[in-house]
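Structural characterization, general
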Amino acid sequence: MMNTFQFDTASLLLALPEIFLLSAIVVVLLLDLFLTKRFKQVTYYLTQASLLITGVLSYNLIGHPETVIFSNSFVLDDMASVFKVFMMGFSMVAMVYSRHYLTQHSLFRGEYFILVLLSILGMMVMVSGYSLLTLYLGLEILSLSLYTLIAIARKRSGAIEAALKYFVLGAIASGLLLYGMSMIYGISGSLNISDISAFASDANLGARETLIINFGLVFLVIGIAFKLGAVPFHMWVPDVYQGSPTSVTMFISTVPKIAAVAMLVRILVDGLGAMHAYWADLFMVLAVLSIALGSVVALMQTNIKRMLAYSTISHVGFIMLGFVTGVVSGYGAAVFYVFVYILISLAAFGIIILLNKEGFEADQISDFKGLSKHSPWFALMMLAVMLSMAGVPPFIGFYSKFFILQQVISAGFITLAVVAVVFAVISAYYYLQIIKSMYFEDADKDITISAPMDIQLVLSINAILILVVGIFPDFWMKLALSLF
Amino acid sequence: MTFDQILFYVFSFWFIASSLAMIFSRNAAKAVLFLILSFFSAASIWILLEAEFLAITLILVYVGAVMVLFLFVIKMLNIDKSTLRAKFTGYLPLGLLVAAIIIVEMTLVLGGNQFGLDIVTAPARHAADYSNITVLAMQLYTVYVYPFELAAVLLLIAIIASITLVQRNELNRKKQSISEQVNVQAKDRVRLVSITTPSKEDK
Amino acid sequence: MVSLSDYLILSAIIFCIGLVGIFVNRTNIITLLMCVELILVAVNTNFIAFSHFLGNEAGQIFVFFILTVAAAEVAIGLAILTLLFRNKGTISVDVTNSLKG
């Protein structure tokens, strides 16, 4: 036993982003205790600095040949590094928006930033996870931090209920995922993704082995679908989005999606890629249901956070469609879709947060009435965001849908593509509804924007990126393709 | 029947019976006690599987800490029993039916054709001097050192989370400052202001 | 001798009892949390049985971590529950309710 174990201290360098982030968390946690109220902003700046440095460290590891360290439980490849860089970038933007919200709703506490950093650490572990054990631990680090982040608004019973709902359903999902993992372990005899992959792609796999893998696969897919929020395992999504403080909603709906997709890729593509024919069928059903239900139910919402929740569900359907194709270009399109979705979502939530005032949550669609008169610039940006979500060219949202559908059609699922397009057109209606109330209705309350410069600046850049990346999508698409 | 089998069926019976009693119990405190019984049965089953360390851990950590935490919260919150069972009966027949179907299906998949003794042979029992804890510790601190560190992070989150959520004295809470109270002087407390009373002519 | 399939069927039964418990106790959060624990014990039994019959320790190590995670999870779950009780004076919430449209 001992002689098979090797530990090379040089391999620690490959996990440097994680190690740095964990050390930074501990430092910020301790420092925050000694900061008086006047200097609380220091925690925020340290958080941003930690994210920035972690991002730079991950960026330096791009191009490193695929290496598996820590006794086959940690993988460093381009997918891991690029995902980490994007995660840090998006998190930094989310933090800029969050600070404004937190100060206005007196939720600005050091623990908030520490929990965000811890959840990001969990996501990094998931992205680099190369054994079922590390993937599970990363997932739990992420989930436990998110439950706490929601409940951090201790005085709002809506937020507490949302946290509890998320907690119970998340725990059940983990249980199902673990049951699936136990089956995969039991039949393949290993927890490592590479061993499982070797086992599953064995040409002489008997009927008994295939049966058990499929049995486990059902539980794994249900667990992953739960975490992604795909129909029919979506029941937590609308309530959690609506109940959580908006800054937490923004965080939950964006960055963790990267980690969920990474876990999906590690388990289903890297590990059980040979079983694609079996899980793709399950995915197809989940994807169609998600796109359909997400598009139709969103039409009836009056709360914009709830509407965005259903919109997320339909976007998740599109992401899953990319995995149905079973080809590398399809997976690339799905990853591209995730990044685009996060970019757009961040801008959408940024604008919602911008409309917030001290003690007032702007979370109704009617709160957008007459925005064009009071603030034409931000109304224009919301227009770009909404058109992009609806998939109107030349905005980036069009290309992400286009690439997915292109792959779905070339994989031969014409009906699937038609269904997706029909529901995408239906979903355009509720995005246009917001545009209508911004431009053609008069404000019934004061909506002057009094946000600090940093959030206005970052938000503007974010929205302009939606257009600019939409004009040159090829580079990013190539990047997404190069990860597989 | 071998002795192993008798033990297995006895423990399984208690495991299943107490789990059922737990989910149908109308009293949360009793449910916790039933769950403790099923944990003890589970631990016995694990000992049959030669996982002694985990069996002991289950009892020490679960029964000793987690279940006591449950009991503590139940007693602390003083839960109103009548509201808890409002929806209980409505879903019961459907739930039992679905569960029966799932159990039959799972039994078919996990039955003797896939995992019978002729397919997966039972390993020989370990020798009397076999130490389960040494074997696990060897693995845990070498091969699984990375997950071990991650578990430390998880426990850190649990600490931060539970303190953040339930501690009552918030930072901006109004509280006494003893040193200020002691050092107070008359001039801080009493302020003499001259007030000119309006004369009758002004009215 | 007791076969692997006996152990797996036992844990499948416990797993289903846990799921039924969640289904019938939808508003009672404390019992819900206990049902989740039951599901985890079923999964753990699975891992230990496989580990025993395969003769490798990875499964037992996994169980070690599941126990750690579950303990942390319970601590956070009960903390949230306490908050709910402070805010609403009750712990009765229907977690599966999403019929609000």
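All values derive from a computational prediction rather than experimental measurement.

Let us now look at the overall build of chain C. Tallying secondary structure elements over chain C gives three helices and zero strands in all. Written out in order from the N terminus, the α and β elements of chain C read α-α-α. Seen through its principal axes, chain C has C-alpha atoms that stretch 50 × 25 × 25 Å. Residues classed as buried in chain C amount to 79% of the 101 residues present. Of all intrachain contacts in chain C linking residues separated by at least 6 positions in sequence, the fraction that spans at least 24 positions is 52%.

Take the interface of chain C and chain A next. Listed by partner, the interface residues are 34 residues for chain C and 33 residues for chain A. Looking at which element gives the most residues to the side of chain C that touches chain A, the answer is helix α3 (residues 58–88) of chain C, with 16 residues.

A few words now on the domain arrangement of chain B. Segmentation of chain B into domains returns domain 1 (1–84), domain 2 (89–125) and domain 3 (130–159). On a C-alpha basis, the centres of domain 1 of chain B and domain 3 of chain B stand 25 Å from each other.

With that settled, the discussion passes to the packing of helix α13 (residues 304–324) of chain A against helix α17 (residues 396–410) of chain A. Residue and element names in this part refer to chain A. Look at α13 against α17: their axes get within 9 Å of each other, and the N-to-C directions meet at 35°. Helix-helix and strand crossings are classified by hand; for α13 and α17 the assignment is left-handed. Here Phe318, Leu321, Gly322 and Val324 of α13 come into contact with α17, specifically with Lys401, Ile404, Gln407 and Val408. Residue composition of the contact of α13 with α17, by class: five nonpolar, two polar and one charged.

Most of the time, phi is negative for any residue but glycine, and the peptide bond is trans. Following Val231(A), the chain continues to Pro232(A) via a peptide bond in cis, the omega torsion being 5°. The residue Pro232(A) is located in the loop between α8 (207–228) and α9 (236–243) in this model. The residue after Pro393(A), namely Pro394(A), is reached through a cis peptide bond having omega 5°. You will see that Phe70(A), though not glycine, has its phi angle at about 50°, which is positive. With phi around 60°, Glu50(B) is a residue other than glycine that occupies positive phi space. Mapped onto the elements of the fold, Glu50(B) is located in the loop between α2 (28–48) and α3 (52–77). A tally of 17 C-beta atoms within 10 Å means that Glu50(B) is categorised as partly exposed.

Attention now goes to the environment of Ile267(A). Residue and element names in this part refer to chain A. Inspection of the secondary structure puts Ile267 in helix α11 (residues 255–271). Take Ile267: there are 26 C-beta atoms within 10 Å of it, and that puts it in the buried class. Through-space distance from the C-alpha of Ile267 to that of Met181 is 9.6 Å; in sequence the pair is 86 residues apart. Not counting the four nearest positions on each side in its chain, Ile267 is found in contact with Leu135, Leu220 and Leu272.

Residue and element names in this part refer to chain A. When the terminal C-alpha atoms of α17 are compared, their 21 Å separation across 15 residues agrees well with the 21 Å that a helix rising 1.5 Å per residue should span. When α17 is considered as a whole, its buried residues turn out to be Ile396, Gly397, Tyr399, Ser400, Lys401, Phe403, Ile404, Leu405, Gln407 and Val408. Contacts made by the buried residues of α17 are with α13, α14 (328–355), α16 (376–390), α18 (414–440), α19 (453–471) and α20 (474–481). Count one or two residues on from α17 and you reach Gly412, which has phi positive near 95°.

How each quantity is defined
- Residues numbered from 1 in each chain as written.
- Chains lettered and ligands numbered in written order.
- Predicted model: local features only at pLDDT ≥ 70, side-chain atom pairs only at ≥ 80, totals over all residues.
- Helix = DSSP H or I, 4+ residues; strand = E, 2+ residues; numbered from the N terminus.
- Buried ≥ 20, exposed ≤ 12 C-beta atoms within 10 Å, placed from the backbone.
- Contact = placed C-beta atoms within 7 Å.
- Domains from an automatic or database assignment.
- Axes fitted to C-alpha atoms, helices over the stretch in contact; angles between N-to-C directions.
- Left-handed = near helix turned anticlockwise from the far one by under 90°.
- Nonpolar A, V, L, I, M, F, W, Y, C, P; charged D, E, K, R; others polar.
- Expected span 1.5 Å × (residues − 1).

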